[in-house]
Amino acid sequence: MTLDVSGLDVAYGRAQVLFGVDLHAPAGELTCVMGRNGVGKSTLLKAIMGVLPARAGTITFEGEDISTLKTHQRVRRGLGYVPQGHETFPQLTVAENLQVTLEAAPGGQRSALDEALDLFPALRALLPRRAGFLSGGQQQQLAMARALVTRPRMLLLDEPTEGIQPSIIVEIEEAIARLHTEAGLAILLIEQYLETALRLADRFLILDAGEVVRAGPRAALHDDSLHHLLSV
Ligand SMILES: Nc1ncnc2c1ncn2[C@@H]1O[C@H](COP(=O)(O)OP(=O)(O)OP(=O)(O)O)[C@@H](O)[C@H]1O
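Cut-offs and rules
Residues numbered from 1 in each chain as written. Predicted model: local features only at pLDDT ≥ 70, side-chain atom pairs only at ≥ 80, totals over all residues. Pairing = 2+ DSSP bridges. Helix = DSSP H or I, 4+ residues; strand = E, 2+ residues; numbered from the N terminus. Near = placed C-beta within 6 Å. Nonpolar A, V, L, I, M, F, W, Y, C, P; charged D, E, K, R; others polar. Core = buried A, V, L, I, M, F, W, Y, C linked by C-beta atoms within 7 Å. Buried ≥ 20, exposed ≤ 12 C-beta atoms within 10 Å, placed from the backbone. Contact = placed C-beta atoms within 7 Å. Axes fitted to C-alpha atoms, helices over the stretch in contact; angles between N-to-C directions. Arc of directions from axis to C-beta. Right-handed = clockwise from strand over helix to strand, strands pointing away.

Participant: Could you clarify how one ought to interpret the sheet that holds strand β2 (residues 15–25) in this entry?
Facilitator: Two pairing modes exist for strands in a sheet, parallel and antiparallel, and in both the strands are linked by backbone hydrogen bonds. The four strands are arranged β2-β1-β4-β5 in an open sheet whose pairing can be described as antiparallel. The open sheet is flanked by β2 and β5 (64–65), the only strands paired with a single partner. Of the strand pairs in this sheet, strand β1 (residues 3–12) and β2 are connected by seven bridges, and their pairing is antiparallel. Looking at β2, one finds that Leu8 is bridged to Val21.

Participant: Just to check I follow, could you spell out the site of the ligand for this structure?
Facilitator: For the ligand, the full set of nearby residues is Tyr12, Ala15, Val17, Gly35, Asn37, Gly38, Val39, Gly40, Lys41, Ser42 and Thr43. At the level of elements, β2 and α1 (41–49) are the ones that each hand at least two residues to the shell around the ligand. Considering every element that reaches the shell around the ligand, the biggest residue donor is α1, with three residues. For the shell around the ligand, the residue count by class is four nonpolar, six polar and one charged.

Participant: Got a minute to help me understand the nonpolar core in this structure?
Facilitator: The tendency in soluble globular proteins is for nonpolar side chains to be buried side by side. Counting residues in each nonpolar core, the largest one holds 62 residues, and the members touching the most others are Val33, Ala116, Ala145, Leu156, Ile187 and Leu189. If you tally residues by element for this core, the top one is helix α5 (residues 136–149), at seven residues. Setting aside anything within four residues of it in sequence, one finds Ala145 in contact with Leu98, Ala116, Leu117, Phe120 and Leu123.

Participant: Got a minute to help me understand the sheet that holds strand β7 (residues 154–158) in this structure?
Facilitator: As summarised here, the arrangement of the six strands in space is β6-β7-β8-β3-β9-β10, forming an open sheet in which the pairing is mixed. Among the strands making up the open sheet, the edge pair consists of β6 (79–82) and β10 (211–217). The mean inter-strand angle of the sheet, taken between neighbouring strand axes irrespective of direction, is 15°. Here four bridges tie strand β3 (residues 30–34) to strand β8 (residues 186–190), and the two strands are oriented parallel to one another. Pairing of Cys32 across the sheet is with Leu189, part of β8.

Participant: What exactly am I supposed to notice about helix α4 (residues 110–119) here?
Facilitator: Residue pairs three or four apart in sequence face the same way in an α-helix, which turns once every 3.6 residues. Inspection of α4 places Ala112, Leu113, Ala116, Leu117 and Leu119 among the buried residues, and these make up the whole buried set. In a view along the axis of α4, the buried residues occupy a sector of 155°, so they form one face of it. Those residues of α4 that are exposed and angled more than 90 degrees off the buried face are Arg110, Ser111, Asp114 and Asp118.

Participant: How should I be thinking about the pairing of β7 in this particular structure?
Facilitator: Two faces belong to every sheet, and in a regular strand the side chains alternate between them. Of all five residues in β7, five are buried, a share of seventy percent or more. Of the two faces of β7, the one holding Met154, Leu156 and Asp158 and the one holding Leu155 and Leu157 are both buried throughout. One ladder, built from four bridges, connects β6 with β7; its direction is parallel. Residue pairing across strands places Gly80 opposite Leu155, the latter belonging to β7. The sheet contact formed by β7 and β8 spans five bridges and is parallel. Directly across from Leu157, in β8, lies its bridge partner Leu189. Handedness of the β7-helix α6 (residues 166–181)-β8 crossover: right-handed.

Structure (C-alpha coordinates):
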(Lines give C-alpha, C1' and ligand atoms only; values in the text may rest on other atoms or scores of the structure.)
Protein backbone atom coordinates (compact mmCIF):
# COMPACT_ATOMS: atom_id res chain seq x y z
CA MET A 1 0.00 0.00 0.00
CA THR A 2 3.01 2.21 -0.18
CA LEU A 3 3.08 4.84 -2.91
CA ASP A 4 6.39 6.09 -4.23
CA VAL A 5 6.87 8.87 -6.73
CA SER A 6 10.31 9.52 -8.09
CA GLY A 7 11.63 12.31 -10.30
CA LEU A 8 8.18 13.34 -11.52
CA ASP A 9 8.00 16.08 -14.17
CA VAL A 10 4.60 17.29 -15.39
CA ALA A 11 3.80 20.05 -17.88
CA TYR A 12 0.76 21.71 -19.38
CA GLY A 13 1.95 22.14 -22.94
CA ARG A 14 5.15 24.13 -22.71
CA ALA A 15 4.56 25.21 -19.14
CA GLN A 16 6.29 22.79 -16.80
CA VAL A 17 4.56 22.70 -13.42
CA LEU A 18 6.28 19.87 -11.49
CA PHE A 19 10.05 19.43 -11.38
CA GLY A 20 11.58 16.16 -10.21
CA VAL A 21 9.04 15.53 -7.45
CA ASP A 22 9.80 12.68 -5.05
CA LEU A 23 7.12 11.44 -2.66
CA HIS A 24 7.01 8.54 -0.21
CA ALA A 25 3.56 7.78 1.21
CA PRO A 26 3.78 4.64 3.36
CA ALA A 27 1.05 2.10 4.05
CA GLY A 28 -1.40 3.13 6.76
CA GLU A 29 -0.05 6.66 7.07
CA LEU A 30 -1.66 10.00 6.36
CA THR A 31 0.59 12.17 4.23
CA CYS A 32 -0.26 15.85 3.75
CA VAL A 33 0.74 17.62 0.55
CA MET A 34 1.06 21.30 1.43
CA GLY A 35 1.99 24.59 -0.18
CA ARG A 36 0.44 27.82 -1.38
CA ASN A 37 -2.04 28.25 -4.23
CA GLY A 38 -0.74 27.25 -7.62
CA VAL A 39 2.41 25.42 -6.51
CA GLY A 40 1.32 22.17 -8.19
CA LYS A 41 -0.49 20.15 -5.50
CA SER A 42 -3.52 19.22 -7.63
CA THR A 43 -1.26 18.52 -10.59
CA LEU A 44 0.68 16.01 -8.47
CA LEU A 45 -2.47 14.07 -7.56
CA LYS A 46 -3.71 14.15 -11.15
CA ALA A 47 -0.41 12.73 -12.38
CA ILE A 48 -0.47 10.00 -9.71
CA MET A 49 -3.94 9.01 -10.93
CA GLY A 50 -2.93 9.18 -14.60
CA VAL A 51 -5.41 11.97 -15.31
CA LEU A 52 -2.42 13.97 -16.55
CA PRO A 53 0.57 12.40 -18.28
CA ALA A 54 3.98 12.58 -16.65
CA ARG A 55 6.81 13.84 -18.78
CA ALA A 56 9.39 12.01 -16.69
CA GLY A 57 9.60 9.98 -13.51
CA THR A 58 8.07 6.82 -12.07
CA ILE A 59 5.07 6.10 -9.88
CA THR A 60 5.16 2.85 -7.91
CA PHE A 61 2.27 1.44 -5.87
CA GLU A 62 2.82 -1.61 -3.70
CA GLY A 63 6.06 -2.25 -5.55
CA GLU A 64 4.42 -2.21 -9.00
CA ASP A 65 5.35 0.46 -11.54
CA ILE A 66 1.96 1.97 -12.43
CA SER A 67 3.36 4.93 -14.42
CA THR A 68 1.96 3.75 -17.75
CA LEU A 69 -1.39 2.44 -16.52
CA LYS A 70 -4.66 4.16 -17.38
CA THR A 71 -6.63 5.87 -14.62
CA HIS A 72 -9.20 3.06 -14.27
CA GLN A 73 -6.39 0.53 -13.96
CA ARG A 74 -4.84 2.59 -11.16
CA VAL A 75 -8.25 2.61 -9.44
CA ARG A 76 -8.32 -1.19 -9.76
CA ARG A 77 -4.91 -1.40 -8.14
CA GLY A 78 -6.42 0.30 -5.10
CA LEU A 79 -6.05 4.05 -5.54
CA GLY A 80 -9.18 6.06 -4.72
CA TYR A 81 -9.34 9.70 -5.85
CA VAL A 82 -11.57 12.60 -4.86
CA PRO A 83 -10.74 15.57 -7.12
CA GLN A 84 -11.04 19.17 -6.05
CA GLY A 85 -14.56 20.51 -6.44
CA HIS A 86 -16.16 17.21 -5.32
CA GLU A 87 -17.42 16.04 -8.69
CA THR A 88 -20.72 14.18 -8.53
CA PHE A 89 -23.50 13.52 -11.05
CA PRO A 90 -25.80 16.46 -10.28
CA GLN A 91 -28.87 15.04 -12.04
CA LEU A 92 -28.72 11.72 -10.20
CA THR A 93 -29.87 11.18 -6.65
CA VAL A 94 -27.39 10.50 -3.88
CA ALA A 95 -28.42 6.81 -3.95
CA GLU A 96 -27.94 6.65 -7.73
CA ASN A 97 -24.55 8.34 -7.51
CA LEU A 98 -23.41 5.64 -5.10
CA GLN A 99 -25.06 2.82 -7.04
CA VAL A 100 -23.44 3.81 -10.34
CA THR A 101 -20.01 3.72 -8.73
CA LEU A 102 -20.74 0.43 -6.98
CA GLU A 103 -21.76 -1.18 -10.27
CA ALA A 104 -18.68 0.14 -12.05
CA ALA A 105 -16.33 -1.09 -9.31
CA PRO A 106 -14.73 -4.50 -9.82
CA GLY A 107 -16.20 -6.78 -7.16
CA GLY A 108 -18.17 -3.82 -5.78
CA GLN A 109 -20.00 -4.89 -2.65
CA ARG A 110 -23.12 -3.62 -0.99
CA SER A 111 -21.27 -3.75 2.34
CA ALA A 112 -18.77 -1.18 1.05
CA LEU A 113 -21.69 1.16 0.38
CA ASP A 114 -23.08 0.63 3.87
CA GLU A 115 -19.68 1.32 5.42
CA ALA A 116 -19.35 4.52 3.40
CA LEU A 117 -22.75 5.65 4.64
CA ASP A 118 -21.80 4.76 8.22
CA LEU A 119 -18.93 7.19 7.87
CA PHE A 120 -21.26 9.95 6.64
CA PRO A 121 -24.57 9.25 8.40
CA ALA A 122 -26.03 12.58 7.20
CA LEU A 123 -26.04 11.17 3.66
CA ARG A 124 -28.57 8.46 4.57
CA ALA A 125 -31.35 11.00 4.93
CA LEU A 126 -30.33 12.54 1.60
CA LEU A 127 -30.35 9.33 -0.47
CA PRO A 128 -33.44 10.33 -2.55
CA ARG A 129 -32.17 13.89 -3.18
CA ARG A 130 -30.58 14.96 -6.42
CA ALA A 131 -26.87 15.53 -5.83
CA GLY A 132 -27.04 18.91 -7.57
CA PHE A 133 -29.24 20.20 -4.74
CA LEU A 134 -26.82 19.30 -1.96
CA SER A 135 -24.64 21.88 -0.23
CA GLY A 136 -20.93 21.93 -1.09
CA GLY A 137 -20.10 20.07 2.11
CA GLN A 138 -22.72 17.39 1.48
CA GLN A 139 -21.43 16.96 -2.08
CA GLN A 140 -17.91 16.54 -0.72
CA GLN A 141 -19.16 13.83 1.62
CA LEU A 142 -20.90 12.13 -1.30
CA ALA A 143 -17.75 12.34 -3.42
CA MET A 144 -15.74 10.74 -0.61
CA ALA A 145 -18.38 8.05 -0.07
CA ARG A 146 -18.26 7.27 -3.80
CA ALA A 147 -14.51 6.84 -3.73
CA LEU A 148 -14.82 4.52 -0.71
CA VAL A 149 -17.31 2.26 -2.46
CA THR A 150 -14.43 0.98 -4.60
CA ARG A 151 -12.66 -0.11 -1.38
CA PRO A 152 -9.43 1.74 -2.08
CA ARG A 153 -6.23 0.88 -0.25
CA MET A 154 -5.03 4.44 -0.53
CA LEU A 155 -7.28 7.49 -0.77
CA LEU A 156 -6.15 10.68 -2.53
CA LEU A 157 -8.11 13.74 -1.38
CA ASP A 158 -7.71 17.12 -3.08
CA GLU A 159 -8.53 19.85 -0.54
CA PRO A 160 -11.73 18.26 0.76
CA THR A 161 -12.57 21.15 3.08
CA GLU A 162 -11.96 24.02 0.70
CA GLY A 163 -14.88 26.47 0.54
CA ILE A 164 -17.04 24.40 2.88
CA GLN A 165 -19.02 25.65 5.86
CA PRO A 166 -17.26 25.11 9.21
CA SER A 167 -19.81 22.68 10.71
CA ILE A 168 -19.33 20.26 7.82
CA ILE A 169 -15.54 20.76 7.82
CA VAL A 170 -15.52 19.19 11.27
CA GLU A 171 -17.51 16.17 10.02
CA ILE A 172 -15.21 15.72 7.04
CA GLU A 173 -12.08 15.98 9.18
CA GLU A 174 -13.51 13.44 11.61
CA ALA A 175 -14.29 11.08 8.76
CA ILE A 176 -10.73 11.40 7.44
CA ALA A 177 -9.34 10.75 10.92
CA ARG A 178 -11.56 7.67 11.35
CA LEU A 179 -10.63 6.25 7.95
CA HIS A 180 -7.03 6.63 8.91
CA THR A 181 -7.00 5.52 12.54
CA GLU A 182 -9.84 2.98 12.61
CA ALA A 183 -9.77 1.57 9.09
CA GLY A 184 -5.99 1.98 8.72
CA LEU A 185 -6.41 3.44 5.25
CA ALA A 186 -3.41 5.18 3.74
CA ILE A 187 -4.34 8.75 2.79
CA LEU A 188 -2.68 11.37 0.64
CA LEU A 189 -4.33 14.66 1.53
CA ILE A 190 -3.88 18.06 -0.04
CA GLU A 191 -4.24 20.50 2.82
CA GLN A 192 -3.29 24.14 2.80
CA TYR A 193 -3.69 24.84 6.48
CA LEU A 194 -1.04 24.09 9.05
CA GLU A 195 -3.43 23.58 11.98
CA THR A 196 -5.34 20.89 10.10
CA ALA A 197 -2.16 19.17 8.99
CA LEU A 198 -0.91 19.17 12.59
CA ARG A 199 -4.16 17.46 13.67
CA LEU A 200 -4.29 14.83 10.95
CA ALA A 201 -0.93 14.13 9.35
CA ASP A 202 1.71 11.54 10.11
CA ARG A 203 4.04 13.12 7.59
CA PHE A 204 4.07 16.00 5.18
CA LEU A 205 5.55 17.30 1.99
CA ILE A 206 5.68 20.96 0.98
CA LEU A 207 5.73 22.04 -2.64
CA ASP A 208 6.91 25.43 -3.80
CA ALA A 209 6.90 26.41 -7.48
CA GLY A 210 6.60 22.75 -8.46
CA GLU A 211 9.47 21.43 -6.36
CA VAL A 212 9.50 19.59 -3.06
CA VAL A 213 11.12 22.01 -0.64
CA ARG A 214 10.51 20.12 2.62
CA ALA A 215 9.26 16.69 3.65
CA GLY A 216 9.26 14.86 6.95
CA PRO A 217 7.31 13.60 9.97
CA ARG A 218 4.56 15.77 11.49
CA ALA A 219 6.80 16.93 14.33
CA ALA A 220 9.00 18.74 11.82
CA LEU A 221 6.03 20.99 10.96
CA HIS A 222 6.64 22.85 14.23
CA ASP A 223 9.19 25.01 12.52
CA ASP A 224 8.63 28.72 12.05
CA SER A 225 10.85 28.76 8.99
CA LEU A 226 8.14 26.82 7.12
CA HIS A 227 5.49 29.49 7.48
CA HIS A 228 6.44 31.45 4.41
CA LEU A 229 5.90 28.27 2.36
CA LEU A 230 2.31 27.82 3.56
CA SER A 231 -0.95 29.74 3.44
CA VAL A 232 -1.53 31.53 6.67
N1 LIG B 1 -5.18 22.93 -17.26
C2 LIG B 1 -4.14 23.75 -17.06
N3 LIG B 1 -3.49 24.34 -18.07
C4 LIG B 1 -2.44 25.14 -17.87
N5 LIG B 1 -1.93 25.43 -16.66
C6 LIG B 1 -2.53 24.87 -15.60
C7 LIG B 1 -3.65 24.00 -15.74
N8 LIG B 1 -4.04 23.59 -14.49
C9 LIG B 1 -3.18 24.19 -13.64
N10 LIG B 1 -2.28 24.94 -14.29
C11 LIG B 1 -1.18 25.72 -13.68
O12 LIG B 1 -0.32 24.82 -13.04
C13 LIG B 1 0.15 25.37 -11.81
C14 LIG B 1 -0.15 24.41 -10.69
O15 LIG B 1 -1.56 24.28 -10.52
P16 LIG B 1 -2.22 23.32 -9.45
O17 LIG B 1 -3.69 23.39 -9.62
O18 LIG B 1 -1.57 21.99 -9.51
O19 LIG B 1 -1.78 24.03 -8.11
P20 LIG B 1 -2.31 23.82 -6.63
O21 LIG B 1 -1.10 23.87 -5.77
O22 LIG B 1 -3.16 22.63 -6.56
O23 LIG B 1 -3.13 25.14 -6.40
P24 LIG B 1 -4.60 25.38 -5.79
O25 LIG B 1 -4.44 25.24 -4.35
O26 LIG B 1 -4.91 26.76 -6.23
O27 LIG B 1 -5.48 24.32 -6.43
C28 LIG B 1 -0.52 26.73 -11.66
O29 LIG B 1 0.39 27.70 -12.08
C30 LIG B 1 -1.69 26.65 -12.60
O31 LIG B 1 -1.99 27.91 -13.11
